[in-house]
Amino acid sequence: MHINFDELSTNQRYHLLTQTIVPRPIAWVLSRNSDETLNLAPFSFFNAMCSDPPLLALSIGNKEKGAPKDTAVNLLSGREFVIHIASTEMAAELTKTAATLEYGVSELQISDLQLSDDSKQSMPRLSDCSIAYHCKLYDHHSIGPNGQTIIYAEVISLYMNDAICEIDGTRITVDANRLNPLSRLGAAQYAGIEAAFTVKRPK
């Protein structure tokens, strides 16, 4: 089968991309609304982009009627935010937070998620996530006729659960099996990892 993308609608392209570029990491983004309430939403057009400066990138589409999503509004405001990596056990709660709600209505109100406050940070984080990046906006741009927003998030600090890592001198090694990250597939499918394995690179 050979598919010419010039002959497809935007929706058809989206579904083919999301079902073939798999698995994808999920950015579970906690941001602050202008009225100080908290917004929480997942995005799977997401990955690490650079280590100097330390940048994560996520792509945020618009709502059905073309208005920007709440997360994009909040991140572009310059307010700091937190990107979490969820475990497979959190799939149901993460999916709840993908619901479309009125601006200012927090997804935390429709979930059983709890927050942990850190006096050193301006934003709380989700208590049950083993990875949480405290971020600020580094740069952004809009692409395509529908105004897809690309966010470059600069990592200010990283929270990591001690139970998922080993420390050898100055090197921290994260055990992927202990982290058990949730990944996105196509349609309504998710995946975890059955067992991580190692293949050494050539010298």
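Quantities reported herein were computed from a predicted structural model and do not represent experimental measurements.

Thresholds applied
- Residues numbered from 1 in each chain as written.
- Predicted model: local features only at pLDDT ≥ 70, side-chain atom pairs only at ≥ 80, totals over all residues.
- Heavy atoms only, no water.
- Pairing = 2+ DSSP bridges.
- Helix = DSSP H or I, 4+ residues; strand = E, 2+ residues; numbered from the N terminus.
- Axes fitted to C-alpha atoms, helices over the stretch in contact; angles between N-to-C directions.

Asker: Looking at this structure, I do not really get the pairing of strand 12 (residues 171-174). What am I missing?
Answerer: Residues in a regular strand point their side chains to alternate faces of the sheet. Across four bridges, the pairing between strand 11 (residues 165-168) and strand 12 is antiparallel. Bridging from a neighbouring strand, Glu166 pairs with Thr173 of strand 12. With antiparallel pairing between neighbouring strands as the criterion, strand 11 and strand 12 make up a hairpin whose turn holds two residues, including Gly169 at a positive phi of roughly 65°.

Asker: I tried to follow the sheet that holds strand 1 (residues 24-25) on my own but got confused; where do I start?
Answerer: What links the strands of a sheet is backbone hydrogen bonding, and the strands pair in either a parallel or an antiparallel sense. Strand order in this open sheet of three strands is 1-13-14, and the pairing throughout is antiparallel. Taken across any chain shown, the strands that pair with only one partner, and hence form the sheet edges, are strand 1 and strand 14 (190-191). Bridging between strand 13 (residues 183-184) and strand 14 involves two bridges; their strand directions are antiparallel. Looking at the pairing, Arg184 lines up with Tyr190 of strand 14.

Asker: Would you mind showing me how to read the sheet that holds strand 3 (residues 38-43) here?
Answerer: Taken in spatial order, the seven strands make up an open sheet running 3-2-6-9-10-5-4, and their pairing is antiparallel. Looking at which strands have only one partner, the edges of the open sheet turn out to be strand 3 and strand 4 (46-51). With strand direction ignored, the average angle separating the axes of adjacent strands in the sheet is 35°. Both strand 6 (residues 81-85) and strand 9 (residues 131-143) contribute to a ladder of five bridges, which runs antiparallel. Residue pairing for strand 9: Ile85 is matched across the bridge by Ile131.

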